[in-house]
Structures are given as structure tokens and as C-alpha cells.
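# Analysis of the macromolecular model
What follows is the residue order along each chain.
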Amino acid sequence: MTDEPALMSLAHGGGCGCKIAPGVLSELLAKMPGLPVPPDLLIGTASSDDAAVYRLNDTQALVATTDFFMPVVNDPYDFGRIAATNALSDVYAMGGRPILALALLGMPIAKLSTATIGRILEGGAAACAAAGIPVAGGHSIDSVEPIYGLVALGLVHPDRVRANTGARPGDLLILGKPLGTGVMSAALKKGLLDADGYARMIDTTTRLNTPGPDLAALDGVHALTDVTGFGLAGHALELARGAGCRAVLDWDAVPVMDGVRALLAAGCATGASDRNWESYGASVRLPDGFAEDDRALLTDPQTSGGLLVSAAPDTAGAVLEVFARHGFEAAARIGRIEAADGTAPGVVLG
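Residues numbered from 1 in each chain as written. Predicted model: local features only at pLDDT ≥ 70, side-chain atom pairs only at ≥ 80, totals over all residues. Heavy atoms only, no water.

Hydrogen bonding along the main chain pairs the strands of a sheet, whether they run parallel or antiparallel. An order of β1-β2-β3-β6-β4-β5 is seen for the 6 strands of this open sheet, with the pairing classed as mixed. Edge positions in the sheet fall to β1 (41–43) and β5 (135–142), since each of these pairs with one other strand and no more. Averaged over all adjacent pairs, the angle separating strand axes in this sheet is 20°, with direction ignored. Sheet analysis places strand β3 (residues 61–69) next to strand β6 (residues 147–156), joined by 9 bridges and oriented antiparallel. Within β6, the position partnered with A64 by the bridge is L153. (Pairing = 2+ DSSP bridges. Helix = DSSP H or I, 4+ residues; strand = E, 2+ residues; numbered from the N terminus. Axes fitted to C-alpha atoms, helices over the stretch in contact; angles between N-to-C directions.)

Attention now goes to the side chain of T299. Positionally, T299 belongs in the loop between α10 (292–298) and β11 (307–311). The exposure class assigned to T299 is buried, which follows from its relative accessible area of 0%. (Buried < 20%, exposed > 50% of the residue type's maximum accessible area, 1.4 Å probe, protein only.)

Taking burial as the measure, the 9 residues of helix α4 (residues 181–189) include 8 buried ones, the bulk of the element. Within α4, burial applies to T181, G182, V183, M184, S185, A186, A187 and L188. Buried residues in α4 make contact with α5 (195–205) and α8 (260–265). (Contact = heavy atoms within 4.5 Å.)

Geometrically, a packed helix pair is captured by the angle between its two axes and the distance between the axes. As a packed pair, helix α2 (residues 76–93) and helix α3 (residues 114–130) sit with axes 6 Å apart at the nearest point and diverge in direction by 40°. The pairing of α2 with α3 is recorded here as oblique in orientation. Considering the relative orientation of α2 and α3, their crossing is right-handed. Taken together, the residues of α3 that come into contact with α2 (itself represented by P76, Y77, F79, G80, R81, A84, T85 and L88) are T116, R119, I120, E122, G123, G124, A126, A127 and C128. (Parallel < 35°, antiparallel > 145°, perpendicular 65-115°, else oblique. Left-handed = near helix turned anticlockwise from the far one by under 90°.)

With that settled, consider the packing of aromatic side chains. Following the criterion strictly, the structure yields 4 aromatic pairs and no others. Centroid distance F69 to F79: 6.3 Å. Interplanar angle 35°. Geometry classified as tilted. Here F69 is found in strand β3, whereas its partner F79 is found in helix α2, with 10 residues between them in sequence. Residue classification places F69 among the buried residues on the basis of a relative accessible area of 4%. (Phe/Tyr/Trp six-rings, centres within 6.5 Å; stacked < 30°, edge-to-face > 60°.)

Turning our attention to the environment of G44. Secondary-structure assignment places G44 in the loop between β1 and β2 (52–55). Its relative accessible area of 31% is what places G44 among the partly exposed residues. Measuring from C-alpha to C-alpha, the distance between G44 and D274 comes to 29 Å, with 230 residues separating the pair along the chain.

We now examine the sheet that holds strand β8 (residues 221–226). Taken in spatial order, the 7 strands line up as β8-β11-β7-β12-β9-β13-β10 in an open sheet, and their pairing is mixed. A single partner strand is all that each edge strand has here, and the edge strands are β8 and β10 (284–285). As defined by bridge partners, strand β7 (residues 172–175) adjoins strand β12 (residues 332–339) across 4 bridges and the pair is classed as antiparallel. Bridging across to β12, I174 finds its partner in R333. Its contacts with the sheet place helix α7 (residues 231–243) against β7, β8, β9 (245–249), β10, β11, β12 and β13 (346–349), and it is angled at close to 150° to β9.

What follows is about α3. With 17 residues, α3 should reach 24 Å at 1.5 Å per residue; the first-to-last C-alpha distance of 24 Å fits that figure. For α3, every residue scored as buried is listed here: T116, I117, I120, G123, G124, A127 and C128. With its buried residues spanning 140° around the axis, α3 presents them on a single face. Of the exposed residues in α3, the ones pointing more than 90 degrees away from its buried face are T114, A115, A129 and A130. Those residues of α3 that are buried are in contact with α2, β4 (97–107), β5 and β6. Phi turns positive, to about 80°, at G132, one or two residues after α3. (Expected span 1.5 Å × (residues − 1). Arc of directions from axis to C-beta.)

Shown next as C-alpha cells:
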């Protein structure tokens, strides 16, 4: 195939920025009919968690999730790696260890060569191999836009499941990866991301969130989630609402990838950032004079973002040690959980 189009040119959005906005998603899910919930379904749809969890026996629970999206980069191999890493993250975010994956593939067959599509699959398989699991099957369709992702399955001890509802007042919040992947992808699409910036983006988006099971083994870790399409504010809000508390973020402590603020200043904020803000901004309190670029970064959709941990203060050091042992040098304490004191749960920028 000659003059093959760039992957990103075939999609109206990319990465986790393709997610349906939180407000619209809530409206859609509210119309779902109620169904019987078996007692062994430990986590289902009630808490908007990262994956479903079903108890198999006294020592094993199955973690089941799926995630897929349109290209966040133009290189097909990198796209496959990023999409697969992102999908596996939901297993790690529950405290689980992946055991196998199924590939989900939708491609415009008339526009992309089999060689390009094959490279996407190779990239996904490489991420799964790094996680120590096989791609054991999948499903494919001829679609208008390129789509790739995984069904990911894992195992966790029922006592080590870490939901997004367990945060407690007094907990500290720790973030495993720096922010900025949405901004970088927008810059790439505009031709404004240099080679060093691209390398940083690929490094963070293909880094498996392997600390998850070790974090879940710490008794003082009360809640886990990963920061993806709803941005840091959106996923912190999920923690706050799940616990009936408020999340107070120390914005100056939040890690940000090098070069991202300059890209924001150059106009590389994403449209999904604005959609996120429109969906949940009423539950986020910003300080006076908070810069618009900072607001865009606070709600920037993170593709294959970091784990967000809510842990007792005396466990925070151990959490950072786990991150460091797995190579997450940017992990940092970024805030705390406080009692709502009669107000609606929300996020406050301190």
C-alpha cells in the first residue's frame, strides 16, 4: 500500500482522551437496568472501579477488565505497546497480577496495510510479554477508525483487592507517574513534540504499573486506582466520592513531565481536558488565580497513567519504597484525604 496515512490522522481522538466524558457516561450508566448481583462478585459497576472482581475461592479472585482506544501516536508498534500497557494497568490497579489477555482490534482495512496492522499487534504482544502473559486470542473487525486494546484477566487474593472506595480521612495520596501524556499527544499531532519529548512520552506510557500487587500487600494501603482518561482531578474525585471524603491536592508537589508546561503555553491542551472540566468541575475547588494551563493539566487525560494510592501516613514511606523498587522514580506524595465535614465529597487544590 502506497501513501499510507498516519495513524493519528485516521482518528477523531486518541488514547484515553477518547473516553466518553464522565458526566455523559454517568447518564448512560444510570439507565442500565438493575440486575441480580451474586455474592461472589466483589466489585461490579456500583463504584466505577478499574475492573470487575469475582471471588473464585478463599484464596483467589478473578480480575476482569477491558480497555481500547484510537491511536495516541503514529508509530504502530508504539501504539500497540501503549494500548496494551494501559489495559493491563486496570488489573494492577486492583492489586492483581495479569494472567492472560485477549486482543481487541478494529482497523480500516482499505486504508492501512497488513504490515502496519501487524506491527500494532506485535507491540501489544510485546507489552504482554513484558508482563509475563500470553495474548491468548481476541476479536477483529473492519472499522472506520483504528482501534486497539485488550481484555485483561488477572488474579488477586480476595483480602488484597484494593478498590477505589477505601480511602480514609488522614490518608496521604501518592501518585506513581508524572502528568502530561495528553498534552504530549496533542503536541505530537500538531508537529510540536521533539524527539526527546516523544521518548519521554513513550517511556511513561509503556511502563507497566507493576507496583500494584506489592502496594496491595501493604495493610496501610486503603485504596488504589490509576489516573487515565478523566485526569488527575477526575480520578481523585472518584476516590473522594467512594469514601465520602474530600481529596486535597498539593498542586506544587504533583510531578509533571519535562517540557509539558511549555507545550501547554504553546496551545497543546486537549479538548478532552475541557470536556472533563465541564463534567466534574463543579466538584473541584481551585485557589484564586489558578492558571488556565494548570487547570488544563489537572484535567488532562492520561493515557497509561500512574497509580494513585491512598495510604495511612505511617505506610507512605513503604509505598514510595515499592515505587522506587519498580523503577518509578517520579512517584511523589501529592495530597491527603480529609473528612468532608458535612459538605459534598470533592477535590480541593491546596
